[in-house]
Amino acid sequence: CDQVVEAAGATEGNKVVVRCDFGLDGKVAKAVTTAYGKKVKDKALFLVSADESADSFLVIAFAPKGMKDVDCKAWVIAATEGTGGKGGGKKDSAQFRVPGVGSIDGVLEKARSF
């Protein structure tokens with residue numbers, strides 16, 4: 001998902017919110033956040049990836065090493081509130097799986113205003 005790094009370059013502030021569909025594979029999510037962390041050092045990432053056929057989506061939040069001003073777990077919890085999403089994480093990285101792709105726009109909106 002090259003657009004993830006591109007979105008960081010075009011975003012003001014210290015948080016990037018982007019949707020890039022690669023399904024529900026946690027290993028792909030990890031690869032994307034690792035690549036992002038190598039290129040972007042000053043912006044936390046909030047990434048959504050949907051699997052339309054499974055009618056659910058992943059929500060991943062990631063803060064590059066040394067970035068302490070964004071709590072990824074709190075960010076994901078706030079954005080997925082009321083969706084029935086489940087997951088976990090820490091201050092620098094969190095991942096939730098949320099049922100119902102219909103709630104993606106609301107989650108992205110909440111993430112942007114966090």
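Up top you'll find the structure we're talking about.
Residues numbered from 1 in each chain as written. Predicted model: local features only at pLDDT ≥ 70, side-chain atom pairs only at ≥ 80, totals over all residues. Heavy atoms only, no water.

Asker: Mind laying out the pattern of salt bridges, listing which residues take part and the relevant values?
Answerer: For the coordinates displayed, the defined rule picks out two salt bridges. Between R19 and D21 there is a salt bridge whose closest N-O contact spans 2.9 Å. You can call D21 partly exposed: its relative accessible area is 43%. With its nearest N and O atoms 3.3 Å apart, the salt bridge here joins R19 to E52. Of this pair, R19 sits in strand β1 (residues 15-19) while E52 sits in the loop between β2 (44-51) and β3 (56-62); the two residues are 33 residues apart in sequence, bridging distant segments of the chain. (Salt bridge = Lys/Arg side-chain N within 4 Å of Asp/Glu carboxyl O. Buried < 20%, exposed > 50% of the residue type's maximum accessible area, 1.4 Å probe, protein only. Helix = DSSP H or I, 4+ residues; strand = E, 2+ residues; numbered from the N terminus.)

Asker: Outline the packing of helix α1 (residues 2-9) against helix α2 (residues 26-39), supporting the account with residue identities and numerical values.
Answerer: Packing of α1 against α2 leaves a shortest axis separation of 10 Å and a crossing angle of 35°. The hand of the α1/α2 crossing is right-handed. Together, V4, V5 and A8 of α1 and V32, Y36 and K39 of α2 make up the contact between the two elements. Residues that form the contact of α1 with α2 fall into these classes: five nonpolar, no polar and one charged. (Axes fitted to C-alpha atoms, helices over the stretch in contact; angles between N-to-C directions. Left-handed = near helix turned anticlockwise from the far one by under 90°. Contact = heavy atoms within 4.5 Å. Nonpolar A, V, L, I, M, F, W, Y, C, P; charged D, E, K, R; others polar.)

Asker: Which residues make up the pairing of β2, and what values go with them?
Answerer: Among the eight residues of β2, seven are classified as buried, and the element is accordingly described as predominantly covered. Relative to β2, β1 runs parallel, the two sharing five bridges. Counterpart to R19 in the pairing with β2 is V48. Taken together, the seven bridges between β2 and β3 define a ladder with antiparallel strand orientation. In the sheet register, V48 faces β3, and the bridge partner there is V59. Hairpin connection of β2 to β3: four residues between the antiparallel strands, including D55 at a positive phi of 50°. (Pairing = 2+ DSSP bridges.)

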